[in-house]
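Descriptive analysis of the structure
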Amino acid sequence: MQTLESLLLGFIGIMIVNNLVFTKFLGTCPYLGVSGRIDTAFGMGCAVTFVVTLAGALTWTLDYLVLIPYGLDVMRYVCYILVIAGAVQLVEMYVRKFFPVLYESFGIFLPLITTNCAILGMCLFINLWGIDNLPEAVVLSVGAGLGFTLAICIMAGIRENLELADVPAALRGAPITLITAGLLTLAFMGFAGMIR
Amino acid sequence: MMIGATGMQTIIFSALLMIVLGLLFSVMLLAASIKLKVETDPKVEQIHAVLPNVDCGACGFAGCASYAKAVAQDPSLIGRCSPGGAATAAKIAAVLNLQISEGGAPKRPIIHCRACQQDKTYYGEYRGIIGCTSANAQPIVQACAFGCLGFGGCVRRCRFNALHIIDGLAVVDYDKCTGCGACVAGCPRGLIEMVPFTQEPMMVVACSSKENGRMTRAMCSVGCIGCGLCAKQTDVFTVKGNLARVDYARYQPSEAAETARQKCPTKAIVFRGKGAPADEKVSKTAAGAPAAS
Amino acid sequence: MAENQTSVGRSFLAGLWDENPVLRLILGMCPTLAVTTSLQAALTMGASVIFVLICSNLVVSAMRNLLKPHLRILMFTLTIAAFVTIADLFLKAYQPEMSAKLGPYIPLIIVNCIIICRAEACASKNGLLVSLADALGMGLGFTGALTVLAVIRELLATGQIVFTFSRSFTLVRLPDVPLFRMAGMAMPVGAFLMLGLMLGLVKLLTTKRT
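Description of the overall build of chain A
Counting its secondary structure elements, chain A contains ten helices and zero strands. Reading the secondary structure of chain A in the N-to-C direction produces α-α-α-α-α-α-α-α-α-α. For chain A, the proportion of contacts with a sequence separation of at least 24, taken over those separated by at least 6, is 79%.

Right, dumping it as structure tokens:
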């Protein structure tokens, strides 16, 4: 059983020190695509946080209840993706029907991130790091999602200002966004070593 | 590679697991798709069908469904899909054109000005930011405060390379134009109007000058002087505020309309669209003379 | 049939440059950034992607008449997941150090936008031969882009290109000057910056001047 302190350290660790976008390159495609405006970026971040928490919990449970006890490690990737895609699809349909306002704000991002490296990547990392208890898996997932939200909102703020700047024609769009992401990564590197 | 007892067990368990999970999700999704159905706009569905459906987010929207919805409402967003490319943009344009205007005629832009550099009168040389919005903020660049500035504000908006500045005048290439309407917002003088093209080419009064005839003549050799000769021929033309206009609700190519066009003293009535003949040249009146005070 | 030939040839060539997945379509950036720290890793990833692309394109093309609209993406993803599992197991067996280095990025091929995009856009609508050509073209284009980026990054970061199988082979060794010892190039910073500059260069080369 993990102590509260180690959970908190793990949470901060994955949110800032080992940020998914900046250190693990996960979720780069939607990160570049949806970071144009702060409101869409925040919606995207909320959607990612929600999905990664759900996915992390479900895949961890599947792993420890079924895959490991029966020695079905080979089925891991297939089962993970099936569970993630199916669960998110169900949640999306439910939210669309019963919470239309919520759907407009972040539900529209759900199909985009279902088959996205951020979610599957986080689930695989939880497995890779040998996390053996559910609370820690959930806390790490929430931290990862919030880290993504932080990263994408910062990027959106910068990009909104970049719109007014005189970017050379060849660098407009994806190139300057990538360069900005590189500089942000450099900034976040300052957090390395913060948690022993 | 011998499959031992544990190997066989793995295969059986894997198959069982997939069958169980597959059945579970199929049932849940099937139930959900029936119970949780939401009505959608058929136009949006059609657009969604032509998109690559990768949900990559490159367009800046949250996936293909979102983009389909947005582009159905705002056609100037066509061309944002980078995996789909030009082919997808053309398909979206085709879908939207069928529904964009009444009577099924596709809308195309008409620029209400035909003055090239040699037709216009200039008070001085403009040395500011090369852009229509900036030039429009200057009170006197060219004499005519209504005409095309020729700095490409509309050209920049077009994603299909259908607008070009030729001789200081914006010209539409109707072979490339998809009618998305993005150019309209690019003109600070509001010269571009989206008109249903019931035939091609269409007759257009290519002038927007509200000044009286004497002033217009001094500023530009091809401007509409509001003489009303066209309106006398046929009620397709109406003159209001020193400016003639074609009533596109009544427009039909007819002898009267053609006569009216030929009677225009400044040749301000021209054809626009595919197969349009070139504009007639008009010799400059009082070249370079400033307007009388 | 001549028409089939040009279609096959064109599908193949499109993936190499005109519609290069990384440089023009801007898809599949996660592995591009992650594995280009060394040339060997980049080539391994490229080979895996080519394998998965070919297999999944062929299978999807073979079953294209059975696809139901709502379940399409899920069917593609499960097919791809199966082949990625095969590739991952193969790598774990024959190249354990490389597999450990690439870590979770091999299974992340499952959700690589390139593969799903090609399955959706090409394989589900065309015959086996065209799908195969398309997969080869896209895979080679992807590998090419990765190779260029990896060579630049590895040379700038360590000044040499090293292949490690059971022993190490140094292919290229550049002089020991600060230019070729930029540690930042091996880090995420270098990845983002280099890819951004490369995309900018490609855009510069391909934009026609009006």
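Still to come is the rest of the account.
A closer look at the overall build of chain B
From N to C terminus, chain B includes nine helices and eight strands. When the 293 residues of chain B are sorted by exposure, 38% land in the buried category. Pairs at least 24 residues apart make up 61% of the contacts formed inside chain B by residues separated by at least 6 positions.

A look at the nonpolar core
Residues A:Val51, A:Ile81, A:Ala118, A:Ile119, A:Leu120, C:Val84 and C:Ile110 are the most contacted members of the largest nonpolar core, which totals 127 residues. Not counting the four nearest positions on each side in its chain, A:Ile119 is found in contact with A:Val51, A:Val52, A:Ala55, A:Ile84 and A:Ile113. With 69 residues, the next largest nonpolar core counts B:Phe61, B:Ala72, B:Cys183 and B:Ile225 among its residues.

Some details on the pairing of strand 6 (residues 237–240) of chain B
Residue and element names in this part refer to chain B. In the sheet, strand 6 pairs with strand 7 (residues 243–246) via four bridges, with the strands oriented antiparallel. Residue pairing in the sheet places lysine 240 in a bridge with leucine 243 of strand 7. Hairpin remark: strand 6 followed by strand 7, antiparallel, with two residues in the connecting loop; positive phi at glycine 241, about 65°.

Some thoughts on the environment of B:Asp279
Residues and elements named next belong to chain B. Following the sequence through the fold, aspartate 279 ends up in the segment after strand 8 (269–272). Sequence separation of aspartate 279 and isoleucine 269 is ten residues, and the distance between their C-alpha atoms is 9.0 Å. Apart from residues no more than four positions distant in its own chain, aspartate 279 is found in contact with Arg114 and Val270.

Let's talk about the interface of chain A and chain C
How large an interface is tends to be reported as the accessible area lost when its parts come together. Facing 31 residues of chain A, the contacting portion of chain C comprises 34 residues. Elements that contribute at least two residues to the side of chain A that touches chain C include exactly helix 2 (20–24), helix 3 (28–33), helix 5 (76–98), helix 8 (117–128) and helix 10 (174–188) of chain A. It is helix 10 of chain A that provides the largest number of residues to the side of chain A that touches chain C, a total of nine residues. Of the residues belonging to the side of chain A that touches chain C, the class tally is 24 nonpolar, seven polar and no charged.

Points about the packing of helix 2 (residues 42–50) of chain B against helix 3 (residues 64–73) of chain B
Two numbers describe a pair of packed helices, the interaxial angle and the distance between the axes. Residues and elements named next belong to chain B. Contact geometry of helix 2 with helix 3 gives a least axis separation of 9 Å together with a crossing angle of 125°. By the criterion of interaxial angle, the relationship of helix 2 to helix 3 is oblique. In the crossing of helix 2 with helix 3, the sense of the turn from one axis to the other is right-handed. Across from Lys43, Val44, Ile47 and His48 in helix 2, the residues of helix 3 making contact are Cys64, Ala65, Ala68, Lys69, Val71 and Ala72.

Thresholds applied
All residue numbers refer to position in the chain's written sequence, counted from 1. Chain letters start at A and ligand numbers start at 1, both assigned in the order the entries are written. It should be noted that, the model being predicted, local features are given only for residues of pLDDT at least 70 and side-chain atom pairs only at 80 or more, the latter also being counted only at that level, while totals for whole chains, interfaces and linings use all residues. Numbering of helices and strands starts at the N terminus; helices are DSSP runs of H or I of at least 4 residues and strands are runs of E of at least 2. What counts as a contact here is a pair of residues whose C-beta atoms, placed from the backbone, lie within 7 Å. The burial label depends on the number of other C-beta atoms within 10 Å of a residue's C-beta. Counts of 20 or more mean buried, 12 or fewer mean exposed, and intermediate counts mean partly exposed, with C-beta atoms placed from the backbone. Nonpolar cores are built from buried Ala, Val, Leu, Ile, Met, Phe, Trp, Tyr and Cys residues. These are joined into a set through C-beta atoms within 7 Å. Here, strands pair whenever DSSP counts at least two bridges between them. Under this grouping Gly is polar, as are all residues other than the nonpolar Ala, Val, Leu, Ile, Met, Phe, Trp, Tyr, Cys and Pro and the charged Asp, Glu, Lys and Arg. All axes are obtained by fitting lines to C-alpha atoms, using only the stretch in contact for helices, and the reported angles, taken between N-to-C directions, cover 0 to 180 degrees. Relative orientations are named as follows: roughly parallel for angles under 35 degrees, roughly antiparallel for angles over 145 degrees, roughly perpendicular for angles from 65 to 115 degrees, and oblique for any other angle. Left-handed describes a crossing whose near helix is turned anticlockwise from the far helix by less than a right angle; the clockwise case is right-handed.

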